[in-house]
Amino acid sequence: MFLDTGIRLSELVTLRLPDIHLDQAYFKVLGKGAKERIIPIGARVQKALWKYIHRYRPEPLHPNIQNVFLTRDGRALSPRTVYQRISDYGKKAGLTGARCSPHSFRHTFAKNFLLNGGDALTLQKILGHTSLEVVRIYVNLASKDVQVQHSKASPVDRLKL
């Protein structure tokens with residue numbers, strides 16, 4: 001979910017079942033400033049989310065718990081638990097020299113969205129930012145990335161001469 005959508009940790013843990021629209025491949029979140037936004041999801045996440053909800057999601061401890069992601073005992077996941085798990089997975093994977101956190105996935109989503117051909121205005125809308133200036137903070141393309149993108153889109157190289 002983090003890598004495919006750029007969702008914030010707070011948005012993930014408060015995501016509710018009525019806000020998921022798997023048949024239309026999106027979900028709604030209430031982001032910063034209580035602003036509602038639509039977040040599209042890719043086919044693989046759509047399938048995994050369907051499988052989780054219909055096969056693996058624990059029974060909620062109370063009928064009024066509508067959070068999508070629950071602990072084994074049916075409580076809503078806490079941000080601290082998710083953060084700790086991601087950090088632990090990073091350590092198990094032997095990742096060093098880089099922070100492994102939910103926010104790292106947000107940065108990675110933003111960078112890869114653009115590298116894969118997404119546009120900055122769409123990215124701004126998905127991330128829920130009011131200006132492109134904030135989006136630029138997330139996307140610090142390495143010079144190698146810029147070279148690869150230029151080789152794909154070079155105007156002169158694309159001329160049929």
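Quick caveat, the model's predicted, so the values are computed rather than measured.

### Digging into the packing of helix H5 (residues 102-115) against helix H6 (residues 120-127)
- For the pair H5 and H6, the least separation of the axes is 10 Å and the interaxial angle reads 155°. By the criterion of interaxial angle, the relationship of H5 to H6 is roughly antiparallel. As for the relative orientation of H5 and H6, their crossing is right-handed in sense. Of H6, the residues touching H5 (which contributes Arg106, Phe109, Ala110, Phe113 and Leu114) are Ala120, Thr122, Leu123, Ile126 and Leu127.
- In terms of residue class, the contact of H5 with H6 is made up of eight nonpolar, one polar and one charged.

### Here's the deal with the pattern of salt bridges
- Taken as a whole and assessed by the stated rule, the structure comprises four salt bridges.
- Between Arg16 and Asp19 there is a salt bridge whose closest N-O contact spans 3.5 Å.
- Connected through salt bridges with shared partners, the residues Arg8, Glu11 and Arg37 form a single ionic network.

### Comments concerning the packing of aromatic side chains
- Per the counting criterion, the structure on display carries three aromatic pairs.
- Residues Phe109 and Phe113 carry aromatic rings whose centres are separated by 5.7 Å and whose planes lie at 40° to one another, so their mutual orientation is tilted. Residue Phe109 and its partner Phe113 are both found in helix H5; the two are separated by four residues, about one turn of the helix.
- Owing to a relative accessible area of 5%, Phe109 belongs among the buried residues under this scheme.

### Regarding the environment of Ser151
- Summarising the element assignment, Ser151 is placed in helix H8 (residues 143-153).
- Polar contacts involving the side chain of Ser151 include one to the main-chain carbonyl oxygen of Val148, which spans 2.7 Å.

### Some points on the sheet that holds strand E1 (residues 20-21)
- The three strands are arranged E1-E2-E3 in an open sheet whose pairing can be described as antiparallel. On the outer flanks of this sheet lie E1 and strand E3 (36-40), each paired with one strand and no other.

### Topic: the environment of Leu15
- Here Leu15 lies in the loop between helix H2 (9-14) and E1.
- Since its relative accessible area comes to 2%, Leu15 is described here as buried.
- Between the C-alpha atoms of Leu15 and Pro63, which are 48 residues apart in sequence, the distance is 16 Å.
- The contact partners of Leu15, leaving out residues within four places of it in the chain, are Met1, Ile20, Phe27, Lys28, Val29, Gln66, Asn67, Val68 and Phe69.

What counts as what
Residues numbered from 1 in each chain as written. Predicted model: local features only at pLDDT ≥ 70, side-chain atom pairs only at ≥ 80, totals over all residues. Heavy atoms only, no water. Axes fitted to C-alpha atoms, helices over the stretch in contact; angles between N-to-C directions. Helix = DSSP H or I, 4+ residues; strand = E, 2+ residues; numbered from the N terminus. Parallel < 35°, antiparallel > 145°, perpendicular 65-115°, else oblique. Left-handed = near helix turned anticlockwise from the far one by under 90°. Contact = heavy atoms within 4.5 Å. Nonpolar A, V, L, I, M, F, W, Y, C, P; charged D, E, K, R; others polar. Salt bridge = Lys/Arg side-chain N within 4 Å of Asp/Glu carboxyl O. Phe/Tyr/Trp six-rings, centres within 6.5 Å; stacked < 30°, edge-to-face > 60°. Buried < 20%, exposed > 50% of the residue type's maximum accessible area, 1.4 Å probe, protein only. Polar contact = N/O pair within 3.5 Å; in protein donor to acceptor, adjacent residues only side chain to side chain. Pairing = 2+ DSSP bridges.

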